[in-house]
Each structure stands twice: as C-alpha cells, then as structure tokens.
Amino acid sequence: NYILNKKLGQGTFGIVVLAIHEITGEKVAIKILDKEKIFQNSEKSRFERKIQIMKKMFHKNIVHLYNVIENFKKYFLLWNIFLVKNYLIILQIKND
C-alpha cells in the first residue's frame, strides 16, 4: 500500500507520481497508466512485451521496474525512485 505524494510527470497513457510505502516509508515512482487508452491504440501486446523486458533489466544506468500492479482500469508500474531522480536530473541538464 502506497500513499501518493506528488505528480512528477505526465505522458500519453497516464501520469507518474512520487509515492511512499505506508509501512516501510520507501519512496518509489509509480507510473499510473489508463488501460482503456492503451487498448484503444492497439498497444496491449506491445505494452505487455515491454513490461516483461523491463522487469528483467537491471543496470545502474537504467531505471529499474520492480513491480507491476493492476486493477480493472489501471496499471501501476513501480520504479526505484533513486534512479528516477537521477534520470530526471540528467534530462534536465541535457535540456538546459
């Protein structure tokens, strides 16, 4: 169970929020994706393939996806927040 804290970004299929685990206090980035939008664009099989690949990848320079939770309407992708922060800083530097 996570407490959603603040919005970090937004994309075509959903948003990314900073969240805190209720028990451990661990901070994560959660990408919340709308299933309806994914299905409307015939992206379901591509999305599922991408998730399987991302779960297997682990490298210090790649944001690590460590869990996927879903309900009837949404996918919730949990990312290591330390790596996400570093990635966002790198993107900001490159854009400046």
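Here the residue index of a chain counts from 1 through its sequence in written order. Reporting in this predicted model follows two pLDDT cut-offs: at least 70 for local features of residues, and 80 or more for side-chain atom pairs to be given and counted; totals over whole chains, interfaces and linings ignore these cut-offs and use all residues. Side-chain measures were taken over the full set of non-hydrogen atoms in the model, leaving aside hydrogen atoms and water.

1. Some points on helix H2 (residues 44-56)
- Numbering of helices and strands runs from the N terminus, with a helix taken as a DSSP run of H or I at least four residues long and a strand as a DSSP run of E at least two residues long. Expected span of a helix, by definition, is 1.5 Å for each gap between consecutive residues, and there is one gap fewer than residues. Counted at 1.5 Å a residue, the expected span for H2 with its 13 residues is 18 Å, and the 19 Å between its end C-alpha atoms agrees.
- Burial here depends on accessible area, computed with a 1.4 Å probe over protein chains only, as a share of the maximum for the residue type. Under 20% is buried, over 50% is exposed, and the range in between is partly exposed. Within H2, burial applies to Phe47, Ile51 and Met54. In a view along the axis of H2, the buried residues occupy a sector of 70°, so they form one face of it. Across H2 from its buried face, at more than 90 degrees, point the exposed residues Arg46, Arg49 and Lys56.
- By the convention used here, residues are in contact when the closest approach between their heavy atoms is within 4.5 Å. Buried residues along H2 sit in contact with strand S3 (27-34), helix H1 (35-40), strand S4 (65-70) and strand S5 (74-80). The arc in question is formed by the directions pointing from the helix axis toward the C-beta atoms.

2. A look at the environment of Ile15
- Looking at where Ile15 falls in the secondary structure, it is placed in strand S2 (residues 14-21).
- Put simply, Ile15 and Phe76 are 61 residues apart on the chain and 9.9 Å apart in space, counted from C-alpha to C-alpha.

3. A closer look at the nonpolar core
- Core analysis: the largest hydrophobic core is formed by 10 residues, namely Ala29, Leu33, Ile38, Phe47, Ile51, Met54, Leu65, Tyr75, Leu77 and Trp79.
- Looking at this core, the elements with two or more residues in it are S3, H2 and S5.
- Ignoring sequence-local partners within four residues, the contact set of Phe47 consists of Leu33, Ile38, Tyr75 and Leu77.
- Buried Ala, Val, Leu, Ile, Met, Phe, Trp, Tyr and Cys residues form a nonpolar core when they are joined through side-chain atoms within 4.5 Å. Formed by 6 residues, the second largest nonpolar core is a distinct cluster that contains Ala19, Val28, Ile30 and Leu78.

4. Details of the pairing of S5
- Only strands that DSSP links by at least two bridges are regarded as paired with each other. Inspection of the sheet shows S3 paired to S5 by 7 bridges, in the antiparallel sense. Bridge assignment links Asp34 to a residue of S5, and that residue is Lys74.
- Pairing of S4 with S5 involves 5 bridges; the strand directions are antiparallel. Paired with Ile69 across the bridge in S5 is Phe76.

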